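# Chains, contacts and geometry: an overview
For reference, the chains in residue letters:
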Amino acid sequence: MCRHLGYVGPPVRVGDMVTLGSHSLRTQAWAPRDMRHGGTINADGFGVAWWRGSEHDTVTVSRYRNAAPIWTDPAVEEVLPQLESAAVLAAVRSATVGMPVERSACAPFTRDRWAFSHNGVVPDWRRTLTDVAAEFAVVANDLGAEDLFTPARLLEAESATDAATLWVLLCDLLSTGAPDGEWSAAPAALRLLVSAVLDRAPQARLNLLLSDGAQLWATTCHHSLSVLVTDDFALVSSEPFDDDPRWQPIPDRSLVSARPGALSVDPLL
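Cut-offs used in this document
Residues numbered from 1 in each chain as written. Predicted model: local features only at pLDDT ≥ 70, side-chain atom pairs only at ≥ 80, totals over all residues. Heavy atoms only, no water. Helix = DSSP H or I, 4+ residues; strand = E, 2+ residues; numbered from the N terminus. Contact = heavy atoms within 4.5 Å. Core = buried A, V, L, I, M, F, W, Y, C linked by side-chain atoms within 4.5 Å. Buried < 20%, exposed > 50% of the residue type's maximum accessible area, 1.4 Å probe, protein only. Pairing = 2+ DSSP bridges. Axes fitted to C-alpha atoms, helices over the stretch in contact; angles between N-to-C directions.

### Observations concerning the side chain of Gln28
Along the chain, the position of Gln28 falls in helix 2 (residues 25-30). The residues touching Gln28, leaving out its near neighbours within four places in the chain, are Arg3, His23, Asn42, Ser237, Ser238, Glu239, Pro240 and Phe241.

### Description of the nonpolar core
Membership of the largest hydrophobic core comes to 46 residues, with the highest contact counts inside it found for Phe149, Leu166, Leu170, Leu193, Val197, Leu206 and Leu210. Elements represented by at least two residues in this core include exactly strand 6 (114-121), helix 4 (125-142), helix 6 (162-176), helix 7 (182-200) and strand 7 (205-211). Examining the composition of this core, we find that ten residues originate from one element, helix 6, more than from any other. Counting residues in hydrophobic clusters, the runner-up holds 22 residues, among them Tyr7, Phe46, Val88 and Phe233.

### Digging into the sheet that holds strand 8 (residues 216-220)
Working definition: the strands of a sheet are paired by backbone hydrogen bonds and lie parallel or antiparallel to each other. Spatial ordering of the open sheet is given by 5-6-7-8-12-13, a layout of six strands whose pairing is antiparallel. The strands lining the two open edges of the sheet, one partner per strand, are strand 5 (109-111) and strand 13 (262-267). Within this sheet the neighbouring strands show an average axis-to-axis angle of 15°, counted without direction. Bridge analysis of strand 5 against strand 6 gives three bridges, and the strand direction is antiparallel.

In short, the description is geometric, and any link to function would need to be established separately.
Okay, structure coming up:
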């Protein structure tokens with residue numbers, strides 16, 4: 001399926017986050033340890049997102065993506081290490097059969113200050129996600145947001161893939177917001193999206209990873225995930241990238257919220 005990683009903490013070199021450790025994200029592209037019947041190699045592209053600014057300035061997210069295998073791209077060693085950020089979200093891709101192998105299909109997907117990655121697959125994704133959008137549209141209409149979750153919105157997906165379309169739905173959920181802001185909106189949006197997809201496609205694999213540059217949120221649904229959180233930094237990764245004993249495996253069907261000094265792992269459904 002894919003492997004992904006999120007980091008929040010002191011500024012680091014962006015390139016280091018995909019090459020760090022004896023089992024780095026780049027290594028996981030060709031030698032993953034825990035794919036759980038979701039493929040054997042992640043050679044269909046990769047991407048990295050990083051944030052600029054601070055809570056006192058406008059925070060913006062930038063990204064770099066390539067449809068080629070991560071180990072073939074010299075930018076990983078020559079360009080990305082020149083960039084620094086206090087937050088990074090990166091992914092390597094194993095394309096589902098029938099989905100395009102192209103740059104626009106590679107995570108992270110970004111909008112405003114958000115970045116997103118999906119490790120998994122939605123069976124019969126066009127029908128399933130159209131049905132999910134139709135369900136959400138009813139609620140949106142009740143909230144006076146008739147322009148959300150429409151068929152035209154789904155056409156805005158960057159690529160004809162389940163991940164890109166999930167991102168359109170998640171963005172609309174985030175935009176409906178919670179009264180007290182984005183921090184509470186993110187976990188609620190992830191729960192709603194996963195629950196609605198599983199209602200229609202119980203075999204869907206939905207490890208989702210989301211960040212706004214200050215915090216990380218992730219779900220586990222049929223794929224592996226581990227976290228390492230200290231007072232200084234937070235890491236969320238499909239697989240531990242080194243032998244640090246502080247890595248914690250996350251149970252299936254969990255919702256993770258992580259930032260430096262704080263970790264919560266709650267039932268997803």
